[in-house]
Amino acid sequence: MKRYVLCGLSNRGLASFVLPLLENGDTVAGVVDPDRARVEAFNDSVLPEGHERLPWYAPPDFDRMVDELAPDTVIVASPDHTHAGYIVAALARDLDVISEKPMVTTAADAARVLRAQRDSKGSVLVTHNMRYIPRHRQIKELIQDGRLGRITHVALDYHVDLRHGGSYFQRWNRVRALSGGLSVHKGCHHLDLVSWWIDSAPEQVFAYGALNYYGPGSPHRPRDASGEPYTGAELYERDPYYRAQAGSGAFPEPGGARTGLYGLAYRHQYPTDTYLYDDEIDIEDTYSALVRYRNGASLAYSLDFSSPWEGYRVMISGTHGQIESRHGRTPDGTPLPGSDTFTFSPLFGTPETIEVIVREGGHEGADPLLRSDLFGEPAAESLRLGLPADARQGALAVATGEAIWRSAVESRPIDIAELLDRS
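Nothing here was measured: the structure is a model prediction, and the numbers come from that model. (Residues numbered from 1 in each chain as written. Predicted model: local features only at pLDDT ≥ 70, side-chain atom pairs only at ≥ 80, totals over all residues. Heavy atoms only, no water.)

### Regarding the packing of aromatic side chains
Phase 1 of the analysis: In total, this model carries 13 aromatic pairs according to the counting rule given.
Phase 2 of the analysis: Relative to Tyr 241, the ring of Tyr 214 has its centre 5.2 Å away and its plane inclined at 40 degrees; by these criteria the two rings are tilted. With Tyr 214 in the loop between strand S8 (202-210) and helix H11 (232-238) and Tyr 241 in helix H12 (residues 240-245), this residue pair connects regions lying 27 residues apart in the sequence. An identical accessibility class is assigned to Tyr 214 and Tyr 241; each is buried.
Phase 3 of the analysis: An angle of 65 degrees between the planes, with centres 5.1 Å apart, marks the rings of Tyr 236 and Tyr 242 as edge-to-face.
Phase 4 of the analysis: Here Tyr 236 falls in the buried class, since its relative accessible area comes to 14%.
Phase 5 of the analysis: Between Arg 176 and the ring centre of Trp 405, over which it is positioned, the NZ or CZ distance is 4.1 Å. (Phe/Tyr/Trp six-rings, centres within 6.5 Å; stacked < 30°, edge-to-face > 60°. Helix = DSSP H or I, 4+ residues; strand = E, 2+ residues; numbered from the N terminus. Buried < 20%, exposed > 50% of the residue type's maximum accessible area, 1.4 Å probe, protein only. Lys NZ or Arg CZ within 6 Å of the ring centre and 35° of its normal.)

In structure tokens, the structure reads:
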């Protein structure tokens, strides 16, 4: 039986890795996290009955942890900017790594990981779980079976609703040095999905991006008659984002300790209040990009973080046909019409409406299948569809996300090879 250690007792680390592993009878030998109090609170109130308390290690003690616990696999679910350090340290000890997406925050760190993997007996898998969503596997099947012919173009229009989108701007994600920006942190999901669907690597990006909804210059920031921003209780009373999410738990309450799943506090990570209009926000909330791929296909991609609904419209065109899908929900969880089907239209023939497969579990049934592949042997279907994402694919998703924000900032096309060592 494999022994796992976790770097980062985040919500994702807790719900997607530690608890499922423990409930399955696997061994989680210890936790590396800067917040000892959070780990102790987990041991006191969340750890399933019958399991030994998880020992805590500070980040500088990673090597000591490996010496003392002898893990087989390191799971990385800490804030994005810390991933590279943990991954490279694990590979230096010839350990396997399972990394939350994005694998890292910069193309430079992605190249660093790839070099470390080449010199290691260990390997890296990245949890790009959007590949595992049943509807996405159905689309991959149609493409892989040749029903669209050679893929020529993809149009993907992705929206994040005002509750979910606004939450990013109250977390560490809002600082580029910590997240790579949302074209990396969130966009890597979509960019990896498209590369996987069309089985090709991105080569060049041209993009626009801006901070339109959040930050100190937000058009929604409440101001008094003289134009001065409101503060304190009056800010929250007047803020349309705060009022729109009231009762949902999407935003932390002002003045209270930030808490995550199972009521575990994030006092170390968020020692003070943060809000949507803070000066430190230095990323974009809106992107429009064109991406060229090695096989000649192109992607028209847009992404925004303050929408009345969450989800996407996608159209995948090929020499023999086209797939069109619209999938989404309103902030209260109501599915949008048409979310339970997608359409395949052959170039010469009658369009076909395809019912979406429904599975239980997180992310529309993706997470249980992903964990099965990560913690066991990949299923035959997973191997046939190429579902597990390796370090190279994780690196390409990060580099493409970085190319998007860099192109927007520098007003020029960005070659992926310029950012990522392809040797």
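### Observations concerning the pairing of strand S11 (residues 310-318)
Phase 1 of the analysis: Counting buried positions along S11 yields seven of nine residues, so the element is predominantly enclosed.
Phase 2 of the analysis: When strand S7 (residues 151-161) meets S11, the two strands line up antiparallel, connected through eight bridges. Residue Asp 157 lies in a different strand from S11, and its bridge partner there is Arg 313.
Phase 3 of the analysis: Taking the residues between adjacent antiparallel strands as the criterion, S11 and strand S12 (residues 321-329) are bridged by two residues. (Pairing = 2+ DSSP bridges.)

### Examining the pattern of salt bridges
Phase 1 of the analysis: Per the counting criterion, the structure on display carries 25 salt bridges.
Phase 2 of the analysis: The residue Arg 112 makes a salt bridge to Asp 109 at a minimum N-O spacing of 3.2 Å. A residue pair is termed a helical-turn pair when its members lie 3 or 4 positions apart in one helix, as Arg 112 and Asp 109 do in helix H5 (residues 107-118) at three residues.
Phase 3 of the analysis: Where Glu 418 meets Arg 412, a salt bridge forms, and the shortest distance between an N and an O atom there is 2.7 Å.
Phase 4 of the analysis: One continuous salt-bridge network, built from bridges that share partners, spans Glu 402, Arg 406, Glu 410, Arg 412 and Glu 418. (Salt bridge = Lys/Arg side-chain N within 4 Å of Asp/Glu carboxyl O.)

### A few points about the nonpolar core
Phase 1 of the analysis: If you look at the biggest cluster of nonpolar residues, it comprises 121 residues, and the most contacted ones within it are Phe 42, Met 103 and Ile 316.
Phase 2 of the analysis: With eight residues, the top contributor of residues to this core is helix H15 (residues 391-410).
Phase 3 of the analysis: Discounting chain neighbours no more than four positions away, the residues touching Met 103 are His 83, Ile 87, Ala 110, Val 113, Val 124, Val 126, Ala 391, Gly 394, Ala 395 and Val 398. (Core = buried A, V, L, I, M, F, W, Y, C linked by side-chain atoms within 4.5 Å. Contact = heavy atoms within 4.5 Å.)

### What about helix H3 (residues 62-69)?
Helical geometry: 3.6 residues make up each α-helical turn, so side chains three or four residues apart lie on a common side.
Phase 1 of the analysis: Phe 62, Met 65, Val 66 and Leu 69 are the residues of H3 that are buried. Here the buried residues of H3 occupy an arc of 100 degrees about the axis, which is enough to place them on one side.
Phase 2 of the analysis: At its buried positions, H3 is contacted by strand S1 (3-7), strand S2 (27-32), strand S3 (56-57), strand S4 (73-76) and helix H4 (83-92).
Phase 3 of the analysis: Where H3 terminates, the next one or two residues include Ala 70, which has phi positive at roughly 50 degrees. (Arc of directions from axis to C-beta.)

### Quick word on the sheet that holds S2
Phase 1 of the analysis: Spatial strand order, S3-S2-S1-S4-S5-S6-S15: seven strands in an open sheet with mixed pairing. Whereas interior strands pair on both sides, the edge strands pair on one side only; in this sheet they are S3 and strand S15 (389-390).
Phase 2 of the analysis: Summarising the sheet, strand S5 (residues 96-99) and strand S6 (residues 124-126) pair through three bridges and their orientation is parallel. Bridge assignment links Val 97 to a residue of S6, and that residue is Val 124.

### Observations concerning the packing of helix H6 (residues 134-144) against helix H10 (residues 187-198)
Phase 1 of the analysis: For the pair H6 and H10, the least separation of the axes is 9 Å and the interaxial angle reads 30 degrees. Of the possible angle classes, the one that applies to H6 and H10 is roughly parallel. Listed contacts from H10 to His 136, Arg 137, Ile 139, Lys 140 and Ile 143 of H6 are Leu 193, Trp 196 and Trp 197.
Phase 2 of the analysis: Of the residues assigned to the contact of H6 with H10, the class counts are five nonpolar, one polar and two charged. (Axes fitted to C-alpha atoms, helices over the stretch in contact; angles between N-to-C directions. Parallel < 35°, antiparallel > 145°, perpendicular 65-115°, else oblique. Nonpolar A, V, L, I, M, F, W, Y, C, P; charged D, E, K, R; others polar.)

Purely spatial values, then, with no claim about function.
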